[in-house]
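Read off the chains here:
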Amino acid sequence: MSVMVDDDQILGRAYDARLIRRLLRYVRPYHRIVAWSIAFLLIASATDLAGPWLYRIAIDRYIAPHIAGAPAAGALGQAADVRGLAGIAALYLAILCAGFAARWLQSNLMQYVGQRVMADLRVQMFEHLQALSAGFFTREPVGRLVTRVTNDVDALNELITSGVVAIFGDIATLVGITVVMLWMNWQLALAAFTVLPLVYAVTDRFRLRSRGAYRAVRTRLARLNAFLAEHLMGMTVTQLFNQERRSRRRFGELNTSLLDANLNSTWNFSQFYPAIQLLGAVGVAVLLWYGGGQVVRHVTTLGVLVATIQYAERFFDPLRDLSDKFNILQAAMASSERIFRVMDEPVTVQDPPRPVALPTVRGRIEFRDVWFAYENDETWALRGISFTIEPGQAVALVGHTGAGKTSILNLLTRFYDPQRGRVLVDGVDVREVSQRELRRHIGLVLQDVFLFAGTVESNIRLGNPGLTTEEVRRAAERVGAHRFIEALPGGYAAELRERGAGLSVGQKQLIAFARALAANPEVLLVLDEATSSVDTETETLIRHAMATVLRGRTSITIAHRLSTIQHADRILVLHRGRIAEEGRHQDLLRRNGIYAKLYRLQFEEQERGAAG
Amino acid sequence: MRSQRFWQYVQRYRRAYLIGYAASAVAVAMAQLAPWVLRAAIDAIQRGQAGGRLAGLAGALTLLALAEATMTYVMRTQILAAAYRIESDLRHDYFAHLQRMSMRFFQRTPVGDLMARAVNDIRAVQRLAGVGLMRSVQTTIMLVASVAFMMTLSVRLTLWMLLVLPLITLLFLGLGREIHRRFDQVQAQFASLSTRAQENFSGIRVVKAFAQEASESARFQMEVDAIVRVNMRLARVQGVLWPAIGLIVGLASVILLWQGGALVVGGQLTLGQLVQFSYYLARLSFPMIALGWITNLWQQGRASMLRLDEIFRITPEVRDPADPIALTAPRGEIEFRNVTVAFDGAPVLHDVSLLIPEGRTVAIVGATGSGKSTLVGLVPRLYDPVQGEVLVDGHDVRTLSLASLRRAIALVPQEAFLFSDTLHENISLGRDDAATAGAPNEDGAPGLVAAAGAVSQLTADVEGFPLKYATVVGERGVTLSGGQRQRAALARAVIRDPRILILDDALSSVDTDTERRILEQLRAVMASRTCLIIAHRVSTIRDADWIVVLRDGRIAEQGTHDALLAAGGLYATLYEQQLLREELEAADPEANEPEAPPHAAEVPRA
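Residues numbered from 1 in each chain as written. Chains lettered and ligands numbered in written order. Predicted model: local features only at pLDDT ≥ 70, side-chain atom pairs only at ≥ 80, totals over all residues.

**Overview of the overall build of chain A**
Alright, step 1. A tally of regular secondary structure across chain A gives 20 helices and 12 strands.
Alright, step 2. Taking as baseline every contact in chain A between residues at least 6 positions apart, the subset at least 24 positions apart corresponds to 81%. (Helix = DSSP H or I, 4+ residues; strand = E, 2+ residues; numbered from the N terminus. Contact = placed C-beta atoms within 7 Å.)

Shown next as structure tokens:
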């Protein structure tokens, strides 16, 4: 479920200086392109101003002489003026083409910047996520994280490409028009501007109200959707307890309150657009009345009046758009807040500032009074565990669910750090080594085999990119995976899709063993699982593969197979986060304690199955 | 738009649409008259007339604009508001429809999918009903009116314009196809990026275990670069669209200046008429642009309505019969008669027959996947059997009214589902009159909610909450522990005072001690009722009147505890294993541990 949860409901303010500054940091590397883009934008805005100006020249120079009722120029003049008109028209067309080119270039450049910024942001966020501890990923739903790197970043693109630049362009157009109008005839311009205070008042009132309205719509929509999602998930409960009417009534209330907010916002918008249009018309009326008088008194020309009217009309378009931009800004702010929240997530499991290089690893492992609890857990997972494993020893961990077996592996690979005590590899605390170094020497085979998109070969090579195809093949052969891999269409080059859909559980496990063997670590941690869906032949293969992989290494296995515990050099019996018993299989059985009970619960049936 | 449902909603707000369209027609008329006044004014100026006449025309212009603004306002508020009302109705009907869907439907359909329809599709339909229907009509009127008015001024100029302006629509359609194609590529690459991220985050342990962070980042970088590439391909075409439209509109303006100017010079047209014409030109350009955009709205709206109709067309699998019998005074006798259940063709229960007389407590045991939950879910009709019948008080449950059947039953599932509401609301959910009857009385007598809470051993926990039963439990009850959640769900069933109580592994997260106390309390409650209990703990099972052992969807054994144990079959094995498990759990860890973990459990926040 990735729809509407917790911080997906962040609404965002339209403008947040802190966030904007932080976003601008990502734009800075591209400041040169941004500068070019702005230059083209200014050119484009300037070409927008040309139209009315050319109309004015055309009217005053070529048209007006013919309409005073006195065709003084005669047919000859007429022809010359028509040619003049054609010339002006051609110039106009040229300017339009230039404007077209400038606008296209500008949009391309800005798109490029937007895309690059998104790419940088995505990669940076991804790299940060790679550094976060395994605990973070159990806490955060994967779907939500995916949304962060995909959709939320996309929302920012709109801010960069249409938001900021368009606002800049609108402002440039406004300034340009103002300047030209004043320059042509400042009295006329001022007459037209008499409506501006009203425009400002209307816009300001609208902006204030629309902010409230937007917020009301967003919060009520979020509330409604949260209710809907929850009640879809709990629909059976509602039905079983005959509460359909009650929850429908609650839904109806939320729905109506959203409708009210929507209507409110509609009324607000519906007033704004016509109001701005009306003010525009009033401006034109004022111009006509005042400017008309000026023309009659020959203070100014008809061409100037017509051009001023045209400019005045264009003045109002950018103002109308501002409201849309406002919404884009708001959405982008909300997204960036969510993005930065992920970026600010502290890296809890960190490499030390000066990591120690492990000596030639022999594989001696020691836990010294280790206490460990998972985040947000009420109880300790490990309570003061101490043990030592000598190089080359094969140790099996046995225990009831929640006894702390997995926690031991999690600490040794440093997916988590313990609250107390130390975990040592060859006498070095794992916290003093870089994680990369540590994990090169400590391999892990998980019960839930994770295959990546790619070929079989690349999956086996995962931990050791330098391996040749031949070495990959040899690893597969040694664990007995070679035969079925060869049978795949494409063999080692077969593409694995959707985490190895099409492969059986047993085959996936064999690939995982080949992968571990290829990585060749000194210490190997294995979560083995006696999978019921594996046929006897594959089971034999897996057992053989496991023996092959473990040979000559220190190993800790969370044992679910009878054969594993029987062959272990030593068994640690965990109970509620402590080591309750330890020893070899037969000795432990004779003690008739926890191990004996566990054995009867978990393994006896396998023995019976094997025997029968 | 073929969806009947869509037009039914529109029909419902017919009045608003008609008023809106009438207002729209008036507004267009005003918009067409304004340039005419402007022309009169310019021609007057040109003739040297000023003062009174000019002031009158300026006044007329203002009045026209005022009328246009008012009508536009009416149009927008009528039609857009109607669209929001349609959205609201549609959402309400959608929810009401989903309420009638069976449990199997929700298991098959991801909530995310249903949510996507509720959020995105309903919005797309609203946009079609609002902006779409409004602009479709307005644009058409505007188009026809503008051309007609242009014609009265100059046929020649109008023909010129009709030659140039449709280029906009053609451009929209032509580029539109290419944009669409490239947009699909962007979407595909976007999906690939999502998949890569998804894969990495789900497999983060393997990534870390094999120290693959750097190479994973490099692969992600490749995906990101690819998306930049396809996006730029899209941007190059998309970036042409608006500037090109601007160019075409500009071209029309150029032709007007050139051709129209020549007409004025030649005396066939006045300057005022030229200006007037330029205004019609502006009013014609917008509809041309809007056409492409409106087409888009229609396409999206239609696709979304189709997706909604898909859901609306599904009839509920479990529903009231045509002539439902009301179960007015339920006794609580349950009978399964040769019941076979299959989900998606895979059989889960085979030919199960079982009679449970009223007032008995029956325990159902068996391994995971043996069909225990499926069996008990048949009683409140969470689904129906494919063969055989389930009877309550001698009535096939399929002949009973669903509401009256379920009113007689309380089922507590293992996965306790609480709503993000107060504990009080969550518990009183079990009973229609509990919302009021259950309020804590001022004279100190425990209300129904508190009484049910006491049976479920919730009292001590609730005392620790800042707002007692008024404490909000957080999204799906996350602020409570698993055991607290299960006990709250149990209280919800107790308050219901049902004839048939079904506990489907309902106390799995409750510790043994608390379970024992709950069962003691429940015994009084259960004595007179029919109870079906799925449980693991020995003590719970042993006390049942009758025990049914399921294996692979069939009844393997049944009888009393002693008889089954003596028989030494499957029950005896299960029993022995469970005893072992409980012994292991009981084995106490040594004492002397330090304080609780640094982030020990907190009291739920209000």
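Next comes the rest of the description.
**Looking at the pairing of strand 11 (residues 570-575) of chain A**
Residues and elements named next belong to chain A.
Alright, step 1. Most of strand 11 sits out of view: 5 of its 6 residues are buried.
Alright, step 2. The sheet contact formed by strand 3 (residues 394-399) and strand 11 spans 5 bridges and is parallel. Residue pairing across strands places Gly399 opposite Leu574, the latter belonging to strand 11.
Alright, step 3. Here strand 11 runs beside strand 12 (residues 578-583); their pairing, made up of 5 bridges, is antiparallel. Paired with Leu572 across the two strands is Glu582, which belongs to strand 12.
Alright, step 4. Taking the residues that link successive antiparallel strands as the turn, the strand 11-strand 12 hairpin has 2 residues, and the phi of Arg576 there is positive, at about 50°. (Buried ≥ 20, exposed ≤ 12 C-beta atoms within 10 Å, placed from the backbone. Pairing = 2+ DSSP bridges.)

**Quick look at the nonpolar core**
Alright, step 1. Formed by 146 residues in total, the largest nonpolar core has its most connected members in A:Leu287, A:Leu288, B:Leu61 and B:Leu257.
Alright, step 2. Residue contacts for A:Leu288: discarding those within four places in its chain leaves B:Ala41, B:Leu54, B:Leu57, B:Ala58 and B:Leu61.
Alright, step 3. With 122 residues, the next largest nonpolar core counts A:Leu109, A:Ala394, A:Ile565 and A:Ile579 among its residues. (Core = buried A, V, L, I, M, F, W, Y, C linked by C-beta atoms within 7 Å.)

**Brief notes about unusual backbone geometry**
Residue and element names in this part refer to chain B.
Alright, step 1. The phi dihedral of Gln457 falls on the positive side, at around 60°, and the residue is not glycine.
Alright, step 2. Structurally, Gln457 can be placed in the loop between helix 15 (448-455) and helix 16 (459-463).
Alright, step 3. Its identity as a non-glycine residue notwithstanding, Asp497 has a phi of 55°, on the positive side.
Alright, step 4. Within the fold, Asp497 resides in the loop between helix 17 (482-494) and strand 7 (500-504).
Alright, step 5. A residue is classified by how many C-beta atoms lie within 10 Å of it, and Asp497, with 15 of them, is partly exposed.

**Considerations on the sheet that holds strand 6 (residues 442-445) of chain A**
All names here are of chain A.
Alright, step 1. As summarised here, the arrangement of the 6 strands in space is 6-9-10-3-11-12, forming an open sheet in which the pairing is mixed. Each end of this open sheet is capped by a strand with a single partner; those strands are strand 6 and strand 12. Mean inter-strand twist for the sheet, computed between neighbouring axes without regard to direction, equals 20°.
Alright, step 2. Pairing of strand 6 with strand 9 (residues 523-527) involves 4 bridges; the strand directions are parallel. Looking at strand 9, one finds that Ile442 is bridged to Val523.
Alright, step 3. Contacts from helix 11 (residues 405-412) reach strand 3, strand 6, strand 9, strand 10 (554-558) and strand 11 within the one sheet, and its direction differs from that of strand 10 by about 145°.
Alright, step 4. On the sheet, helix 16 (residues 505-519) packs against strand 6 and strand 9 and is oriented at approximately 175° with respect to strand 6. (Axes fitted to C-alpha atoms, helices over the stretch in contact; angles between N-to-C directions.)

**Comments concerning the interface of chain B and chain A**
Accessible area lost on assembly of the parts is the figure often given for the size of an interface.
Alright, step 1. With 114 residues of chain B in contact, the opposing surface of chain A contributes 117 residues.
Alright, step 2. Sort the elements by how many residues they give to the side of chain B that touches chain A and helix 9 (residues 213-265) of chain B lands first, with 28 residues.
Alright, step 3. Residue composition of the side of chain B that touches chain A, grouped by class: 67 nonpolar, 29 polar and 18 charged. (Nonpolar A, V, L, I, M, F, W, Y, C, P; charged D, E, K, R; others polar.)

The values are spatial; any link to function lies outside them.
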